[in-house]
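Here's the letter readout for the chains.
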There are 2 protein chains.
Amino acid sequence: MIEILKNKMTPESILTAGFGVEREGLRVTPQGKLALTPHPPIFGDKLENPYITTDFSESQVELVTPVFYSVDETYDFLEALTDIVIGEIGNNDELYWPYSMPCDIPDDEFIPIATYQGEAGKKARAYREKLMAKYGGKRQLISGIHYNFSFGDDFLTTIWQESDSNETYKEFKDRIYLKVLRNFLRYRWLIIYLMGCTPGLHSSYIKECLECMTDCGNDTRYKKGGISARNGSCSGYKNEIDLYPDYSSTKEFIRSINEFVKRGDISEAKELYAQIRLKPKDVRNVLESLENDGIQYLEIRTIDLNVFDKCGIAKVDLEFMNIFMLFLLLEGEEFFETWQQEALINEVAVAESGLEPDLELLDHRHWTLKTAWAEDILDKVAEVNEYLNLNQDACIAVMQQRVTNPETTYAHRLKVLMQEKGCLEANLELANNYKTQSDRDHYRLKGFENWEMSTQILIKEALTRGVKVTPVDAADNIVLLQKNGHKEYVKQATKTSVDTYITPLLMENKVVTKKILKEAGLPVPEGEEYFSFQEAKQKLPKYIGKKVVIKPKSTNFGLGICIFDQGGNLEELLEGARIAFEHDTTILIEDYISGLEYRFLTMGDEVVAVLHRRPANVVGDGVSTIQELIDEKNKHPYRGDGHTSPLKKIELDDQSIMFLKKQGLTNQSVPKKDEMIFLRGNSNISTGGDSIDFTEKMHPHFSEIALKAAKAFEAKFCGIDIIIEDCSDPNSAYGIIELNFNPMIVMHAFPYEGQERRLGYNILKTIGLIN
Amino acid sequence: MIEILKNKMTPESILTAGFGVEREGLRVTPQGKLALTPHPPIFGDKLENPYITTDFSESQVELVTPVFYSVDETYDFLEALTDIVIGEIGNNDELYWPYSMPCDIPDDEFIPIATYQGEAGKKARAYREKLMAKYGGKRQLISGIHYNFSFGDDFLTTIWQESDSNETYKEFKDRIYLKVLRNFLRYRWLIIYLMGCTPGLHSSYIKECLECMTDCGNDTRYKKGGISARNGSCSGYKNEIDLYPDYSSTKEFIRSINEFVKRGDISEAKELYAQIRLKPKDVRNVLESLENDGIQYLEIRTIDLNVFDKCGIAKVDLEFMNIFMLFLLLEGEEFFETWQQEALINEVAVAESGLEPDLELLDHRHWTLKTAWAEDILDKVAEVNEYLNLNQDACIAVMQQRVTNPETTYAHRLKVLMQEKGCLEANLELANNYKTQSDRDHYRLKGFENWEMSTQILIKEALTRGVKVTPVDAADNIVLLQKNGHKEYVKQATKTSVDTYITPLLMENKVVTKKILKEAGLPVPEGEEYFSFQEAKQKLPKYIGKKVVIKPKSTNFGLGICIFDQGGNLEELLEGARIAFEHDTTILIEDYISGLEYRFLTMGDEVVAVLHRRPANVVGDGVSTIQELIDEKNKHPYRGDGHTSPLKKIELDDQSIMFLKKQGLTNQSVPKKDEMIFLRGNSNISTGGDSIDFTEKMHPHFSEIALKAAKAFEAKFCGIDIIIEDCSDPNSAYGIIELNFNPMIVMHAFPYEGQERRLGYNILKTIGLIN
């Protein structure tokens, strides 16, 4: 088989497999007590949200990634979900417990079982109540990683086509997956050794489990040499007696499961707790679907949460699992009657005593030193890697290191931490670190960094609320959002199906825009274009004494603009026209409207945000120079390149230096305390301007005007720029300057001053994906 | 007043006035008999269509232009309406009678009075029945021009502001319009002389009228020296006794009209037939509105249809009317008791004997030679023109010519024609000429030639069906369409509000398009991109023996494409990739689909047209050279530059010569009879290709497929390109090549072969403006 891979496939396509990760974790109080609050309502119906749900307990948040075909994508998506959960529960002053074994938990009667809505919810609830009765609540709070794996289509079809066999594709696939499953059972002890991370327990856990462990104070017990309490005898889901299904074929497997149920060992197929499971197409009819459709993928439940990674599993471990699965397929098998029992013995031995240096395991009925055997297996993995040029040396080396140097295992490292600080403090410290990391980057969405920030905002909100997200084209920022059968393609966050084709086409034409606004009875500055100085000169007399602005048609940074806010005489107007013509071949003479410019953002029938942009500036403290004040201001976490950050760092370029010079200043001047020094004339965010939220400060009269303007174009998403003399006075003079059909949302979502606006929510509401 | 104009206004703004024209005309059979068919239903409800309606008779089509502020626009719009009517009634084998006096008409009981729908229609019908009873039907069939005139706002406000007067603007306007009205009454005889064009009658007209005329045979009578029977004693609408309202002020006018009604001289205000009317804002409450809102414009009813112009009025006459109205405003007045009677005497004298060389008229109670007086008036008009630099010398010169050389008057010219051919033949010949002109240019819409042809198609259909058309931006091809309160902005004919913002954005991305089509279960050619020859080389083995096309990513004129419709070996595929890389840095290897490419055009839920484009070609006749065949083919009326014509002339450029050379031909080769010689590889219409309608020939199965593709994008307007092996066989292989969100419609509307598709109708229906 390895020859087929070598000859017919590229290394990349060999490693292209389907990966999905489920990660559970408890919500805890800052003191490490189990949070007894309900699952945050923002995550919506637990049975509908495909990404964020609960497991057994109401307090046990489960993250589910879709299937991706690269480790990076899978990990990034998991990180995005993790950040979302940490952020949302953080708003409620809760932390995401990073450890597989429970935090400080109450007795069973106080452990909240997950609640659900509707008919399906009743069933889910009843199932959990049965589990509580049968296994107790504390075991059910144990969390872990479920790792779902399927070989790539190209991988499977290539091998199938190249093998001389009469098997159907389904038969072939079943055979492949069963072999991997059996080998995983045989070698699972190695994964427990490499990735196990449950060396100890908090003293609130089940008494019998604590009793067989060493007390290290701090309410913490640990087992000397223990690696994974979760995979040992104190584990969560474990059948009351050991069951060994027949994994020789799908048919035999189904037969043996039916036998267990008939005998009363388990009540239904899904109650068979195994370290690895055959997964069907239709999860509601497992056995039937396995028989009809064949095995779709494998689910591995062995891996503990890695407390040293925010996501509960390290990327290097995911990388290793990829090649390890390939190794399991290629590795030969030897059958003997008790192979499953032997594998179970090895599993428990490693889980409970994996760090004992001289631990021996049963290798085909012979006791073998664990370390030697582990090295042997990793050598074989390395051989596969080398033979197929898979370029996975790095992750294999990390695993080899964990074998030869047990101090580098997660279990050992955590044990040391717990001995020092206790289970609660050690894990709370980690949880707090992860929260700090998540908060710092809350305006970025992991895995979507190459998307526009506005689309990141939308996707993040969709993931949070369980709206299904399918990236369609990253370069074009097109995403497909789905919920309850409702489908919406969205481009650049606000280009959607709720706006019509004609609306943006009307708005992009400034002449047409003015016409339509005027027809709707809205004030726009009247203006006329002049194409030559001679022409302007002829018409200038009519502007004498009138409040006008003379400006080049395409204004850049306010250059060439003359404002006659008290009216000008002919001579002054002529000079204004002359200056404007220095900057453009066409000039505009427009009515002057005095006041500040505000951006109104409308979505549907609402003004969802109002903003004022202030030109780049610093405020004096009476001591620092302008340069120092700039440097200080640039430390704001939102300031960066302006593309991957909400705001732009202020740069003191030639234009700014000139601007300061006109005010008689240099970058070494020291402004007075509270004195605001402007560094440019224009207020663009892209040149270091400040965004200042005015949503609550704006008089509703003007929000009504903005809505009216948007409605004149039947626009659902619209940015309206209005100049207003006094935004708190409804009788104030104002004029509509411009309409924008693809309005920026980042500056409202993460303003420099004022409240952040959760616009992803408004977008989803406007396009009808949430209520 | 003239000094104000000279000092404060430009010549252009002085002549900027509001012009509206109404033109009536009878529908006649090819034999010149009154058409007894109903008003064409395509023109919709007569009371709703603002452009095309009926006057008294069902057979009397009335065209109404909106108000424009230039003569050119007014004339062009009138021509557009004229072309539409000639075209539509032409489809029913009827002609648009160009003459003011009736054609061959039946007795009153057979003259169809216009019928109407609804309550308002009942009133309109009842009014006409009353007219029939009071005046008889034949007089009511007389048609003419109603010329509506208003001074420009800038014109009026400038004079008002500059005059030292205490008048309100309304008082001022009323005074201005009343003065013009009075002077028009005084000088109207001149307009009758200059523009009169009813020298004779057909013998089917009223007996008493015929009796006082000379019989010139051909069933035609004329009056020696007569200019305008329509303005003489045989005219149409004329009160039973002469009435002289008081035109000294609006108030006095209203008082006098009320007096007439009280005395029973007329039954209501609108029954006062006058050569010129004061027009109010609210036409349903004339007197009340005149009193409250003042005079809005003047309606002049003096002008006969000019049979020598397709539109019934020449542009030069419209130009003269413009300056003539200005002259009437500037000219002084002398009042005496019988000035209105004197004016009426002059009117009748000129109408009935205007061509008599020695005719004398009453100028302020003194008999004066008509010719001398006319010259005198025109000299004054010329003075105004010169003093204000109005640049209207040309139209004034034409009028002077008509005075000094009466043979150049319309009346004389038509009389000569009628003497020679008779009233029927003379006018039918003209009507047929106009029909030929209209037909020749039926794909153009007068006045909208600078708009894209597709928008012209839409506007033409809208005008035809009485959908109100407001041009919004010609450069952007944006038009506002309105009917029954429903408003639609349309850009480039098919960019409308019925499509969503996201649909075109999805379609313009070819990768996304393929994804969505595939998801909808539609076949697209599978393909992969390769960015280097090395990369392609590595993957080529998998294409061995498969039907594929290797092509540069951006294909130009089919260059660099290799088709492996029987599959290729590795060597051949390598050569194909090499060739493709000569033309682009990225190549595509796609599944090969054999067959012809068809364009399906969908609107709403319908496939409205299907087309195949054939590369530029000629078909041999066994005698002509290729060059001669091309020249002959280029004579097709649709072939032109391809922008202002539906098809492009075939050009024999280097590429075509090369293409011929490969076939062993030159432009001097003589193809066999019926042999088709292709001149290029690509089928673009823009390089001389033929468009061939396949709407009826296409199997409905494929139209369903096209609709499904459009629906996958929720697209209302969509062009779908599908390659089909055999378009009559639903089981034929096919593949969707491309979707177009702004599909061309001209090639379907005016194909080279096959039926023309009336797509303006489909567009209006799709956007909900018609049913």
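Rules of the game
- What you see as residue numbers is a count from 1 along each chain, following the sequence as written.
- Working convention: letters from A go to chains and numbers from 1 go to ligands, in the order in which they are written.
- Totals for whole chains, interfaces and linings use every residue, but because this is a predicted model, local features are given only for residues with pLDDT of at least 70 and side-chain atom pairs only at 80 or more, for both listing and counting.
- Based on all heavy atoms of the structure, the side-chain values leave hydrogens and waters out of the count.
- Only protein chains enter the accessibility calculation, which uses a 1.4 Å probe. A residue is then buried if its area is under 20% of the maximum for its type, exposed if over 50%, and partly exposed in between.
- Per the convention used, a helix needs a DSSP run of H or I reaching at least four residues, while a strand needs a run of E reaching at least two, with both numbered from the N terminus.
- Criterion used throughout: strands pair if DSSP finds at least two bridges between them.
- Helix axes use the C-alpha atoms of the stretch in contact, all axes being lines fitted to C-alpha atoms, and the angles between their N-to-C directions lie in the range 0 to 180 degrees.
- Working rule for contacts: check all heavy atoms of both residues, and any pair within 4.5 Å makes them a contact.
- Each patch is built from residues that are more than 30% exposed by relative accessible area and take part in no salt bridge. Like charges join if they lie within 9 Å; nonpolar side chains (Val, Leu, Ile, Met, Phe, Trp, Tyr) join within 5 Å.
- Residue-level accessible areas treat just the shown protein chains as cover; the underlying method is Shrake-Rupley with a 1.4 Å probe.
- In what follows, salt bridge is the name for a side-chain nitrogen of Lys or Arg lying within 4 Å of a carboxyl oxygen of Asp or Glu.
- When charges are counted, Lys and Arg contribute as positive and Asp and Glu as negative, whereas His and the chain ends are disregarded.
- Every charge is mapped onto a representative atom, which is NZ of Lys, CZ of Arg, CG of Asp or CD of Glu.
- To pair, rings of Phe, Tyr and Trp, with the six-membered ring standing in for Trp, must have centres within 6.5 Å; the planes then decide the type, stacked if under 30 degrees apart, edge-to-face if over 60, and tilted in the middle.
- Charge over a ring is defined by NZ of Lys or CZ of Arg lying within 6 Å of the ring centre and within 35 degrees of the ring normal.
- Put simply, buried area is the surface a 1.4 Å probe can reach on two separate parts but cannot reach once they are joined, added for both.
- Polar contact is defined as a pair of N or O atoms within 3.5 Å, subject to the rule that within protein one atom must be able to donate a hydrogen and the other to accept it, and that residues adjacent in sequence are counted only when both atoms are side-chain atoms.
- Our superposition of the copies is a least-squares fit, built on the C-alpha atoms of residues whose pLDDT is at least 70 in both.
- Here the angle decides the label: under 35 degrees means roughly parallel, over 145 means roughly antiparallel, 65 to 115 means roughly perpendicular, and every other value means oblique.
- Left-handed describes a crossing in which the near helix is turned anticlockwise from the far one by less than a right angle; the clockwise case is right-handed.
- Following the grouping adopted for this structure description, the nonpolar residues are Ala, Val, Leu, Ile, Met, Phe, Trp, Tyr, Cys and Pro, the charged ones are Asp, Glu, Lys and Arg, and the polar ones are all others, Gly among them.

Description of the pairing of strand S17 (residues 548-552) of chain B
Residue and element names in this part refer to chain B.
In step 1: Of all five residues making up S17, five are buried, and the element is well covered by its neighbours.
In step 2: Residues Val-548, Ile-550 and Pro-552 line one face of S17 and the alternating positions Val-549 and Lys-551 line the opposite face, and both faces are buried.
In step 3: Two strands pair when backbone bridges link them, and S17 and strand S19 (residues 587-591) are joined in this way by five bridges, in the antiparallel orientation. Within the sheet, the bridge partner assigned to Val-548 lies in S19 and is Asp-591.

Comments concerning the sheet that holds strand S26 (residues 690-693) of chain B
Residue and element names in this part refer to chain B.
In step 1: Read from one edge to the other, the open sheet built from five strands follows the order S26-S21-S20-S27-S28, with strand pairing classed as antiparallel. Edge positions in the sheet fall to S26 and strand S28 (734-740), since each has one partner strand and no second. Taken over all neighbouring pairs, the strand axes of this sheet differ in orientation by 30° on average, direction set aside.
In step 2: Pairing of strand S27 (residues 717-724) with S28, which is carried by six bridges, proceeds in the antiparallel orientation. In the strand pairing of S28, Gly-719 is matched with Asn-740.
In step 3: Against the sheet, helix H25 (residues 759-766) touches strand S20 (596-603), strand S21 (606-614) and S27, its axis set at about 45° to S20.

Examining the pairing of S27(B)
All names here are of chain B.
In step 1: Among the eight residues in S27, eight count as buried, and that is most of the element.
In step 2: Residues of S27 alternate between two faces, with Phe-717, Gly-719, Asp-721 and Ile-723 on one and Cys-718, Ile-720, Ile-722 and Ile-724 on the opposite face, all of them buried.
In step 3: Pairing analysis gives eight bridges linking S20 to S27, with the strands arranged antiparallel. Paired with Glu-597 across the strands is Ile-723, a residue of S27.

Here's the deal with a negative patch on the surface
Residue and element names in this part refer to chain A.
In step 1: A contiguous patch of negative charge, built from Glu-375, Asp-376, Asp-379, Glu-383, Glu-386 and Asp-393, is present on the exposed surface.
In step 2: A total of five residues in the negative patch trace back to one element, the largest contributor, which is helix H13 (residues 370-387).
In step 3: Summarising the element assignment, Asp-393 is placed in helix H14 (residues 393-404).

As for the sheet that holds S17(B)
Residues and elements named next belong to chain B.
In step 1: An order of S16-S19-S17-S18 is seen for the four strands of this open sheet, with the pairing classed as antiparallel. Unpaired on one side and paired on the other, strand S16 (527-530) and strand S18 (562-564) mark the two borders of the sheet. Direction aside, the axes of adjacent strands within the sheet are offset by 15° on average.
In step 2: As defined by bridge partners, S16 adjoins S19 across four bridges and the pair is classed as antiparallel. Note that in S19 the partner of Glu-529 across the bridge is Leu-588.
In step 3: Here helix H20 (residues 570-581) sits on the sheet in contact with S16, S17, S18 and S19, set at roughly 25° to S17.

Description of the packing of aromatic side chains
In step 1: Per the counting criterion, the structure on display carries 51 aromatic pairs over all chains.
In step 2: Between Phe149(A) and Phe151(A) the ring centres are 5.0 Å apart and the planes differ by 85°, which places this aromatic pair in the edge-to-face class. Accessibility assignment for this pair places Phe149(A) and Phe151(A) in one class, buried.
In step 3: Linked through ring pairs, Phe19(A), Tyr147(A), Phe149(A), Phe151(A), Phe155(A) and Tyr177(A) together constitute an aromatic cluster.
In step 4: The side chain of Lys697(A) reaches across the aromatic face of Phe694(A), ending 4.5 Å from its centre.
In step 5: Just above the ring of Tyr387(B) sits the side chain of Lys6(B); from NZ or CZ to the centre is 4.6 Å.

Quick word on the interface of chain B and chain A
In step 1: Contacts between chain B and chain A engage 30 residues on the former and 30 residues on the latter.
In step 2: Of all residues in chain B, Tyr489(B), Tyr501(B) and Ile502(B) give up the largest surface area on contact with chain A, accounting jointly for 29% of the area buried on that side.
In step 3: As a salt-bridge pair, Glu508(A) and Lys491(B) come within 3.5 Å of each other at their nearest N and O atoms.
In step 4: Viewed at the interface, chain A and chain B are joined by 12 residue pairs in polar contact (both at pLDDT 80 or more).

A short note on the relation of the copies chain B and chain A
In step 1: When chain B is fitted onto chain A, the two copies agree to an RMSD of 0.1 Å after a turn of 179° and an axial shift of 0.1 Å. The operation mapping one copy onto its partner corresponds to a two-fold rotation axis.
In step 2: Same-surface contact between copies: 97% of interface residues of chain B are shared with the interface of chain A.

Observations regarding the packing of helix H9 (residues 250-263) of chain B against helix H10 (residues 286-293) of chain B
Residues and elements named next belong to chain B.
In step 1: The interhelical angle for the contact between H9 and H10, taken along N-to-C directions, is 165°, at an axis separation of 10 Å. Here H9 is positioned roughly antiparallel relative to H10, judged by the angle of their axes. Along this stretch, H9 crosses H10, giving a crossing that reads as left-handed. From H9, Thr-250, Phe-253, Ile-254, Ile-257 and Asn-258 reach across to H10, where they touch Leu-287, Leu-290 and Glu-291.
In step 2: Among the residues forming the contact of H9 with H10, the class breakdown is five nonpolar, two polar and one charged.

What about the pattern of salt bridges?
Once the charged atoms of two side chains with opposite charge are near each other, the side chains can pair.
All names here are of chain A.
In step 1: Going through the model one piece at a time under the given rule, you end up with 110 salt bridges over all chains.
In step 2: Ionic pairing is found between Glu-167 and Arg-175, a salt bridge with its closest N-O pair at 2.5 Å.
In step 3: Residue classification places Glu-167 among the buried residues on the basis of a relative accessible area of 18%.
In step 4: Through salt bridges with shared partners, a single network forms among Glu-88, Glu-461, Arg-465 and Arg-758.

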